[in-house]
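Residues per chain, in single letters:
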Amino acid sequence: MSSSLKRVVQSFWDRKPCGSQHVDKPIGSRTFFEEYDAFRMKVHPYLADIIQPSKYLGLKVLEVGCGIGSDAARIASSGADVTAFDLSSVSVALTRQRFKEFRLDGNFVVGDAENLPFRDDSCDHAVSIGVLHHTPDTAGAVNELRRVLRPRGMAIVMLYSKDSFRYKILFKVLALVGKRRVDRLVAEYDGKDNPLGKVFSKREVKEMFSNFNKTNMRLYNFQWFDVARLFEVLSPLMARFVARILRKIPQSCFETISAVAGLDLYVFAVK
């Protein structure tokens, strides 16, 4: 079942590379990459602090689930030796195109996060943002990250959180009203046909990363439009009114709420 599910997951991301729906420029063009990066940093400004390219100078960095290469390119721009890895061959091809467009050096590999084709202790750092909740054996993929990391190497991993406003309140209300399954709403957050998406509690994440020497966690990504969607259940008119107010507030102002009810659970784990 796992292999067949992975093929469906791979097909989905081949058809809909991560983030491509947010940009109307020709896919693979320089303006496509630039506009997506600008959009992403506007919605997720905290990424500038989480991924600091200057810290990776001269190091071997593996990104598991490179998508269209935003983080891989930022890290490579600092002089790191980057390997961009993804289940989707289309995504890897787009990342390769991005590197060519911006004259960056990198390595590009298509494969399975649960069976990384790399030697033990072969990279200094690993990054996997918003990826491993889309693979059947998330814990197995985490173990693979640890295996390929060198001693004292760090993995930065983002997984969707069970403690988020979106999961604990919004999705459960939407499921109740619309007679939907919550797990399908979780998956469909990344696209209507997305076959797999999961959420994890801090306790579950702590268990998955128990073989690492040190682990810290922090929540990010509370979005105003989730509140508007909740009001829409009560009244579309009220939802539009709330949306008009909330969209004027800079995303950075929601950081305090994000630390308690954000969707994205970031894990900083040292081997």
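Up top is the structure these notes are about.
These numbers were taken from a predicted model, which means no experiment stands behind them.

What counts as what
- Residues numbered from 1 in each chain as written.
- Predicted model: local features only at pLDDT ≥ 70, side-chain atom pairs only at ≥ 80, totals over all residues.
- Heavy atoms only, no water.
- Patch = residues over 30% accessible without salt bridge, like charges linked within 9 Å, V, L, I, M, F, W, Y side chains within 5 Å.
- Areas by Shrake-Rupley, 256 points an atom, 1.4 Å probe, with all protein chains shown as cover.
- Salt bridge = Lys/Arg side-chain N within 4 Å of Asp/Glu carboxyl O.
- Helix = DSSP H or I, 4+ residues; strand = E, 2+ residues; numbered from the N terminus.
- Buried < 20%, exposed > 50% of the residue type's maximum accessible area, 1.4 Å probe, protein only.
- Expected span 1.5 Å × (residues − 1).
- Arc of directions from axis to C-beta.
- Contact = heavy atoms within 4.5 Å.
- 1 Å grid on protein atoms, 1.4 Å probe; cavity = no way out; pocket = protein on both sides within 12 Å on 5 of 7 lines; lining within 4 Å.
- Points joined across faces, edges and corners; volume = space filled by probe spheres on them.
- Nonpolar A, V, L, I, M, F, W, Y, C, P; charged D, E, K, R; others polar.
- Axes fitted to C-alpha atoms, helices over the stretch in contact; angles between N-to-C directions.
- Parallel < 35°, antiparallel > 145°, perpendicular 65-115°, else oblique.
- Left-handed = near helix turned anticlockwise from the far one by under 90°.
- Core = buried A, V, L, I, M, F, W, Y, C linked by side-chain atoms within 4.5 Å.
- Pairing = 2+ DSSP bridges.

(A) Focus on a nonpolar patch on the surface. Together, L176, V177, V233, L234 and M238 make up an exposed nonpolar region whose accessible area comes to about 500 Å². When contributions to the nonpolar patch are tallied by element, the ones reaching two or more residues are α7 (165-178) and α10 (224-234). The class for L176 is exposed, based on a relative accessible area of 70%.

(B) Highlighting helix α1 (residues 2-15). Look at α1: 20 Å from first C-alpha to last across 14 residues, which is about the 20 Å you get at 1.5 Å a residue. Listed as buried for α1 are K6, V9, F12 and W13. The buried residues of α1 occupy an angular sector of 120° when the element is viewed end-on, so they sit on one face. Against α5 (89-101) lie the buried residues of α1.

(C) α10, seen in detail. Residues of α10 that are buried include every one of W224, D226, V227 and A228, and no others. Those residues of α10 hidden inside the fold are in contact with α7 and α11 (236-246).

(D) View of the pattern of salt bridges. In the structure shown here, the tally under the stated rule is 18 salt bridges. For K25, the salt bridge goes to E35, with nearest N and O atoms at 2.8 Å. On the criterion of sequence distance, the pair formed by K25 in the loop between α1 and α2 (30-43) and E35 in helix α2 is long-range, its members being 10 residues apart. For K25, a relative accessible area of 31% gives the class partly exposed. With relative accessibility at 35%, the residue E35 sits in the partly exposed group. One salt bridge in this structure joins K271 and D121, with 2.6 Å as the shortest N-O distance. With a gap of 150 residues between them, K271 in the segment after β7 (264-270) and D121 in the loop between β3 (107-110) and β4 (123-129) connect regions that are remote in the sequence. Since its relative accessible area comes to 36%, D121 is described here as partly exposed. Sharing partners across several salt bridges, the network here consists of K6, D112 and E114.

(E) Region of the structure containing empty space enclosed by the protein. Scanning all chains against the criterion turns up three cavities of 30 Å³ or more. Taken as a whole, the largest cavity spans an internal volume of roughly 50 Å³. Its residues assigned to classes, the lining of the largest cavity comprises four nonpolar, four polar and one charged.

(F) Main features of the packing of α7 against α10. Two numbers describe how α7 lies on α10: the axes approach to 10 Å, and their chain directions differ by 25°. Taken together, the axis directions place α7 and α10 in an arrangement best described as roughly parallel. Taken as a pair, α7 and α10 cross one another with a handedness that is left-handed. Contacts between α7 and α10 pair F165, R166, I169, L170, F171, V173, L174 and V177 from the former with F225, D226, V227, R229, L230 and V233 from the latter.

(G) Spotlight on the nonpolar core. I50, I51, I75, V82 and Y266 are the most contacted members of the largest nonpolar core, which has 44 residues in total. A126, L132, A141 and L145 belong to the second largest nonpolar core, which has 26 residues in total.

(H) The sheet that holds β4, seen in detail. If you trace the seven strands from one edge of the open sheet to the other, you get β3-β2-β1-β4-β5-β7-β6, paired in mixed fashion. If you trace the sheet from one side to the other, it starts and ends with β3 and β6 (214-220), each paired once. Sheet twist, expressed as the average angle between the axes of neighbouring strands with direction ignored, equals 15°. Summarising the sheet, strand β5 (residues 149-160) and β7 pair through seven bridges and their orientation is antiparallel. Looking across to β7, one finds that I156 is bridged to F268. Each of β1 (60-64), β4 and β5 is contacted by helix α6 (residues 138-148), which is oriented at about 150° to β5, the strand it contacts most.

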